[in-house]
Amino acid sequence: MDTNGIKILAADDDRIVRRIVVAKLTGLGYDVTEAQDGQEALDILESGNIPDLLITDSLMPRVGGLELVRNVRKSQNAAVASLPVIMLTSRQGERDIIEGLETGLDDYVTKPFSPDELAARVRTALWRARR
């Protein structure tokens, strides 16, 4: 898959996690924008800067990941509402995973995570979205 021009928004309040995600995905040619929490991610989306995929943590200040996903899925903007979303979180319980998927996630990755696995899941989610 050609990654040039593919934009990814990574929302996580942990700067180290964001750096790992950014380093891996920019190294593969993706254009990655960072958000420190769900509210900053919403602000970016509302500004019209719509990525091709969103990666979000679940536990963040101001607006958490599930609330962010709910806002994305109910957006009046079809490009935002249909955005592929991957949850990248430390919450590993079955109930957490089910709630996330039922909220509208495309994939669920638990921390600690493999950057290579995350990249593969990003490619798969983008491939599914473009079919």
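Right, let's walk through the structure included here. (Residues numbered from 1 in each chain as written. Predicted model: local features only at pLDDT ≥ 70, side-chain atom pairs only at ≥ 80, totals over all residues. Heavy atoms only, no water.)

### Description of the overall build of the chain
Part 1: Counting its regular elements, the chain contains six helices and five strands.
Part 2: The N-to-C order of helical and strand elements in the chain reads β-α-β-α-β-α-α-β-α-β-α.
Part 3: Its C-alpha atoms give the chain a radius of gyration of 13 Å, within 12% of the compact-globule value 14 Å for 131 residues.
Part 4: Every one of the 131 residues in the chain was classed for burial, and the buried ones make up 46%.
Part 5: The long-range share in the chain, meaning contacts at least 24 apart out of those at least 6 apart in sequence, stands at 64%.
Part 6: Entry remark: accessible area of the chain is about 6,700 Å², with carbon and sulfur atoms responsible for 46%.
Part 7: Averaging the coordinates of the 17 positive side-chain charges in the chain and doing the same for the 21 negative ones gives two points 2 Å apart. (Helix = DSSP H or I, 4+ residues; strand = E, 2+ residues; numbered from the N terminus. Rg over C-alpha atoms; globule rule 2.2 N^0.38 Å. Buried < 20%, exposed > 50% of the residue type's maximum accessible area, 1.4 Å probe, protein only. Contact = heavy atoms within 4.5 Å. Areas by Shrake-Rupley, 256 points an atom, 1.4 Å probe, with all protein chains shown as cover. Lys, Arg positive; Asp, Glu negative; His and termini not counted. Charge placed at Lys NZ, Arg CZ, Asp CG, Glu CD.)

### Overview of helix α2 (residues 38–46)
Residues spaced three or four apart along an α-helix face the same direction, because each turn holds 3.6 residues.
Part 1: Listed in full, the buried residues belonging to α2 are G38, A41, L42, I44 and L45. Down the axis, α2 shows its buried residues gathered within 160° of arc, on one side only.
Part 2: Next to the buried residues of α2 lie β1 (7–11), β2 (31–35), α3 (65–73) and α4 (78–81).
Part 3: The N-terminus of α2 is capped by D37, whose side-chain oxygen sits 3.0 Å from the backbone nitrogen of Q39.
Part 4: Looking one or two residues beyond α2, the residue adopting positive phi is G48, at roughly 95°. (Arc of directions from axis to C-beta. Polar contact = N/O pair within 3.5 Å; in protein donor to acceptor, adjacent residues only side chain to side chain.)

### So, the packing of helix α1 (residues 15–27) against helix α6 (residues 115–129)
Part 1: The N-to-C vectors of α1 and α6 enclose an angle of 60°; their axes lie 10 Å apart at closest approach. Here α1 is positioned oblique relative to α6, judged by the angle of their axes. Considering only the axes of α1 and α6, their crossing is right-handed. When α1 is examined against α6, the residues I20, V21, K24 and L25 are found in contact with a partner set consisting of P115, D116, L118, A119 and V122.
Part 2: Per-class residue counts for the contact of α1 with α6 are seven nonpolar, no polar and two charged. (Axes fitted to C-alpha atoms, helices over the stretch in contact; angles between N-to-C directions. Parallel < 35°, antiparallel > 145°, perpendicular 65-115°, else oblique. Left-handed = near helix turned anticlockwise from the far one by under 90°. Nonpolar A, V, L, I, M, F, W, Y, C, P; charged D, E, K, R; others polar.)

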